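Tertiary structure, described
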Amino acid sequence: MTRPAPRVVEALNAALHRLFEERSSLHLLGEDVRDPYGGAFKVTRGLSTCHPDRVLSTPISEAGITGVAGGLALAGDQAIVEMMFGDFAALAFDQILNLISKSVTMYGDRVPMPVVVRCPVGGNRGYGPTHSQSLQKHFVGVPNLALYETSPFHDPYAQLAEGLDRGPAMLFEDKVLYTRRMFRDGVVDEHHRFALRGGSTGWAHVSPMDGTAADVVLICPGGTTHRALDAARLLRARGIAAHVLVPARLYPPDLEPVLPLLADARLVAVAEESTEGGTWGAEIAARVHTRIWSHLRSPVLQLNSADSVVPTAPHLESRVLLGAERIAAEIEKGAARSLQPRGPAAPIVAAESGTAGAGAGEQPAAAAVDSAEPAAGVPVAVPKLNNNDTAYLVVRWFADDGAYIGEGDPLVELETSKAVEEIAAPADGHLRIRAAEGSEVGVGDLLAELLAEPPAAPAPDTSALTPSDERVAAPVPAAAPVDPPAQEPAPAARTHVLGRAQQGTAAVVTRAHREVPVAFAAVEVRVDAVLARLRTLSDETGAEVGLPEAVVKAVAAAHPAFPHLFGTLVDERTVRLADTVDIGVTVDAGNGLYIPVLRDCAGRSLADLSDDLMDFRMKAFRAEFTAGELSGGCLSVSLNTEPGVLFVQPIVMAPQLCMVSVGGRLTRLVLEDGVPTSTTVVTLGLAYDHRVVNGRDATAFLRAVADALHDAEGLVACAGPQ
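Residues numbered from 1 in each chain as written. Predicted model: local features only at pLDDT ≥ 70, side-chain atom pairs only at ≥ 80, totals over all residues. Heavy atoms only, no water.

1. Observations concerning the sheet that holds strand 15 (residues 391-397)
Taken in spatial order, the four strands line up as 18-17-15-20 in an open sheet, and their pairing is antiparallel. Both edges of this open sheet fall to strand 18 (420-424) and strand 20 (440-442), since each of them pairs with a single strand only. On average, adjacent strands in this sheet sit at an angle of 40 degrees to one another, irrespective of strand direction. Alignment of strand 15 against strand 20, held across three bridges, turns out to be antiparallel. Along strand 20, the bridge assignment pairs Leu393 with Glu440. (Pairing = 2+ DSSP bridges. Helix = DSSP H or I, 4+ residues; strand = E, 2+ residues; numbered from the N terminus. Axes fitted to C-alpha atoms, helices over the stretch in contact; angles between N-to-C directions.)

2. Observations regarding helix 1 (residues 8-22)
Between its first and last C-alpha, helix 1 extends 21 Å over 15 residues, near the 21 Å set by a 1.5 Å rise per residue. Where helix 1 is concerned, the buried positions are Val8, Val9, Ala11, Leu12, Asn13, Ala15, Leu16, His17, Leu19 and Phe20. (Expected span 1.5 Å × (residues − 1). Buried < 20%, exposed > 50% of the residue type's maximum accessible area, 1.4 Å probe, protein only.)

3. Description of the pattern of salt bridges
Taken as a whole and assessed by the stated rule, the structure comprises 30 salt bridges. Notably, a salt bridge pairs Asp215 with Arg266, separated by 3.2 Å at the nearest N-O pair. Linking Asp215 in the loop between strand 8 (203-208) and strand 9 (216-219) with Arg266 in the loop between helix 7 (259-264) and strand 12 (267-275), this pair joins segments that are 51 residues apart in sequence. The residue Glu330 makes a salt bridge to Lys333 at a minimum N-O spacing of 3.7 Å. Remark: Lys333 and Glu330 occur in helix 10 (residues 324-338); sequence separation between them is three residues, near one turn of the helix. Judged by its relative accessible area of 22%, Glu330 falls in the partly exposed class. Judged by relative accessible area, Lys333 falls into the partly exposed class, the value being 45%. By sharing partners, the salt bridges in this structure join Arg180, Asp189, Asp230, Arg233, Asp615, Lys619 and Glu629 into a single network. (Salt bridge = Lys/Arg side-chain N within 4 Å of Asp/Glu carboxyl O.)

4. Let's talk about the pairing of strand 31 (residues 666-672)
In this sheet, strand 32 (residues 675-689) lies alongside strand 31 in antiparallel orientation, the contact comprising seven bridges. Bridged to Thr667 within strand 32 is Thr680. Connecting the antiparallel pair strand 31 and strand 32 is a turn made up of two residues, with Asp673 showing a positive phi of about 55 degrees.

5. So, the pairing of strand 7 (residues 192-197)
Of the strand pairs in this sheet, strand 7 and strand 8 are connected by six bridges, and their pairing is antiparallel. Counterpart to Ala195 in the pairing with strand 8 is His205. Hairpin connection, strand 7 to strand 8: the antiparallel pair is bridged by five residues, and Gly198 has positive phi, about 90 degrees.

6. A look at the side chain of Ser101
Tracing the backbone through its elements, the reader meets Ser101 in the loop between helix 4 (93-100) and strand 4 (115-121). Reaching out from Ser101, the side chain makes a polar contact with the backbone oxygen of Leu97 at a distance of 2.8 Å. Filtering out sequence-adjacent residues up to four positions away, Ser101 remains in contact with Ile96, Val142, Pro143, Asn144, Leu145 and Pro168. (Polar contact = N/O pair within 3.5 Å; in protein donor to acceptor, adjacent residues only side chain to side chain. Contact = heavy atoms within 4.5 Å.)

7. As for the sheet that holds strand 6 (residues 169-174)
Strand order in the open sheet made by the seven strands is 2-1-3-4-6-5-11, with mixed pairing throughout. Looking at which strands have only one partner, the edges of the open sheet turn out to be strand 2 (55-57) and strand 11 (249-251). With strand direction ignored, the average angle separating the axes of adjacent strands in the sheet is 20 degrees. Across four bridges, the pairing between strand 5 (residues 146-149) and strand 6 is parallel. Counted as the bridge partner of Tyr148 is Leu171 from strand 6.

Here you go:
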């Protein structure tokens, strides 16, 4: 089996080990960097064991650590500094600005300053305002100081080696990247590939597999890579081809290798997690404007996080930090503007006066645009939302029949087998609804029309009326109003309006209860051994592997013996069996229930599943799932692992046949060899479609999952290389 690509933290650790082997004068300084701790994020693990005299755990003084590193460099040695959190680089700013960077050229001759300051940066980990910042912009433009940022495309050895050789330098390491896998062999996913432009510390260029030219080029630092890729996938579904550029060196930037790509794009955008104002993205935009202004169809679009401290609460943090959905939405709007046909340029004086420059009988350009009528009769057909369904349920319309809708406004919600999808209006117009709420529509069916004029109200049908009936159908004068008896005003009722995500959950639950005859079984499982083994596995791999991943893996291990539980009911006598074990998992971050799908759970490691689950939790906070991530599962697992949860009886998500539930950890007192012993247990449940699965199968399946959890070493071993 091919060994999976290393995580970014593993690649960093390997790079440091290689540098220490090659450079006998290299030192590493930082807080708690020696073994067994190995740094707050385990980047320096093993270094002090191999090189005890050159890896120094220091007091808590960022200025002191950085000053000592500068002194080592002036004395002819080399040094790497680890900031426990990049936020604290602010405490070392004086040493970086006034000692390390200036010493290169301050003494008449050029002085080598082989110092690299490593800074874990970024949010999306819930660490709060002083441990979640992206401070790269504060170091842009310091003379002699090079800035790098880790990415899943670039070898950190090349970044660190170049940083030491050209020194001084800073390496920014986005904390969310640590547990992500490196990309390799030029492959990102089934739709995207990548290549390096400008050497090992140049640009990673991500492009569609089919070679589609770029409508949009999205430039981002390494820490924003996965959000940029998610945005590219969203844009692809909306018909916009997005290429992504990720540099290994932020500053000074070398744009030469990518200028032709930027010049050919319809829109160039820069996305970064820092707040706006004096940013790296602004520097890139200024340089792009200077070099290829005549080729640009619109100014470079700059995207940043909100002007705020980074909150600790996940739902607030997700509102502040730049996310994939916002990147895609802003680019979609920017691309639409850049694709508008350019009419004759109006004189500047006309814009100022509002009338000057318009000839007799002419109107200013703005007025002409405002008075333009929307296209009449634009059909709105049912799109293909996933590969599992050929029909969807109309959940609700966002506007009434006859209402005026603007292009891009929310129009209707359709329920698929896995999620509720929002459809936007493709054009301006007055809405004529053709499919009622609660009706089922097939792919390609007519949902609505957007008309230039309000639709006329349908005339009463009098074709079947008799002459006497027609008299009844004639208008009847209204009776004189009668004052109602006086009443006390009723107190205003308190209400709670369900969010859109919860409305989607409600629709799925309603369908499940209507269509699937569900039965339920449960068993209690001891988990002491597997929890202990998962803790050591987390230390070994750097991934946070827990009981949810273990349950998913144990469920996948039962697939060969119980293939029909992972199937789909085709008709009353036929079950379509699944080729791969793709398992949905429930994720609820407080803004709605999602069930994203973990792919190939039988063939992938526990650590890989942990990486995906961490990604799902972040996307749940930001509500950024795509339809593809929420579809295609052959069985689901409901995670309710909060302490004290006895058991959970889930629903079955049609067209699936089963859903496993796992409750919280409970402490039991048991007798072992006559001695009372405390043990940890959880309850595993199985909701199953009784048309296909019987109680005996359900119980045997749960026991197979329990046996897999009891065999902790076997569970880890069957996961393949870590």
